[in-house]
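Inside the fold
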Amino acid sequence: MSTVPTLNGQVIGQAHYATRALLERATAPLGVTFTQLVALNALAQGPVEAAHLTQRVTSTLKVDEPTVHQLIAHLVDAGLATVERPSSPAGEEPLVALTDTGHAAQRGVVAAVADLSARLYADIPTDEASTAARVLTLVTHRANAELAAIPV
C-alpha cells in the first residue's frame with residue numbers, strides 16, 4: 001500500500017533538485033549553467049538595468065549581489081550579454097542586454113524547458129497542476145516574506 005507524501009520542504013526540494021538536474025543536463029550542450037539561464041531568461045524581453053537584473057537574480061536564486069555581478073561578468077566574457085554604459089554619468093544605470101549568441105542560447109533554454117515540462121507534467125490533470133502551482137506560489141510568498149523579515 002502506497003502512502004500519500006506530506007507536502008513539506010523536503011518533497012518540494014526533491015522535486016526542485018531532480019528537475020534542476022535534468023534541466024542542467026539538457027542545457028549543458030548550450031554551455032549555459034543554471035544560474036546563467038536564470039539571467040538569460042530575465043534578459044529575454046530586452047535590455048535591463050543592471051540593478052534590476054541584480055535584484056531579480058538575487059531574489060530568485062537567493063544569492064548575494066557580488067555573485068550576480070560575477071554572473072553578469074561571466075555572461076559578458078562568454079559573449080552571451082553586453083553591458084551598455086550610459087553616455088552621461090548622471091546616475092543612469094548601465095543596461096545589460098543579450099547578444100545574438102545570448103538570444104540563441106536563451107531560445108535553446110526555452111526549448112529544453114518546454115521539452116522537459118512536456119515529459120514531466122504530461123499526464124498530470126490540469127486541476128491538480130493548477131492546485132499545485134497555487135500552493136507552491138503561496139509557500140514561496142510566505143518563505144520570501146519570512147526571509148525579508150530576518151535582519152541582515
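Here the structure is a predicted model, which means the values were calculated and not measured. For every chain, the first residue of the written sequence is number 1, and numbering continues from 1 along that sequence. Confidence filtering applies because this is a predicted model: local features only for residues at pLDDT of at least 70, side-chain atom pairs given and counted only at 80 or more, and all residues used for totals across whole chains, interfaces and linings. Hydrogen atoms and water are omitted, and side-chain values are computed over all heavy atoms in the structure.

1. Observations concerning the pairing of strand β3 (residues 95–98)
This is how the line gets drawn: When DSSP locates at least two bridges between a pair of strands, those strands are taken to pair. Helix numbers and strand numbers start at the N terminus; a helix is a DSSP run of H or I with at least 4 residues, a strand a run of E with at least 2.
Judged from the 2 bridges that link them, strand β1 (residues 48–49) and β3 form a sheet pairing that is antiparallel. Bridge pairing in β3 places valine 48 opposite valine 96. Note: strand β2 (residues 81–84) against β3, 4 bridges, orientation antiparallel. From the neighbouring strand, alanine 81 faces β3, where its bridge partner is leucine 98.

2. A few points about a nonpolar patch on the surface
Let me state the cut-off plainly: Patch construction takes residues with relative accessible area above 30% that form no salt bridge. Like charges are linked within 9 Å, and nonpolar side chains (Val, Leu, Ile, Met, Phe, Trp, Tyr) are linked within 5 Å. Each accessible area is a Shrake-Rupley estimate made with a 1.4 Å probe; only the visible protein chains count as cover when residues are assessed. What makes a salt bridge here is a side-chain nitrogen of Lys or Arg within 4 Å of a carboxyl oxygen of Asp or Glu, nothing more.
A cluster of nonpolar residues, Leu7, Val11, Val135, Leu136 and Val139, forms a patch on the protein surface that exposes about 350 Å² of accessible area. Counting residues per element, the nonpolar patch draws most heavily on helix α6 (residues 126–149), which supplies 3 residues. As for its position among the elements, valine 139 is in helix α6.

3. Here's the deal with helix α4 (residues 65–77)
Note the cut-off: Between the first and last residue of a helix there are one fewer steps than residues, each counted as 1.5 Å, and that sum is the expected span. Per-residue accessibility, obtained with a 1.4 Å probe over protein chains only, is compared with the maximum for each type, and a residue is labelled buried under 20%, exposed over 50%, and partly exposed between these values. Think of the arc as the fan of directions from the helix axis to the C-beta atoms. Here a residue-residue contact requires only that any non-hydrogen atoms of the pair lie within 4.5 Å.
The end-to-end C-alpha distance of α4 is 18 Å, a good match for the 18 Å that 13 residues give at a rise of 1.5 Å each. Taken as a whole, α4 has its buried residues at Val68, Leu71, Ile72 and Leu75. Viewed along the axis of α4, the buried residues span an arc of 100°, placing them on a single side of the element. Residues of α4 that are exposed and angled more than 90 degrees away from the buried face: Pro66 and Asp77. The secondary structure elements touched by the buried residues of α4 are α2 (34–43), α3 (50–61), β2 and β3. Taken from the residues just after α4, glycine 79 is the one with a positive phi, measuring 75°.

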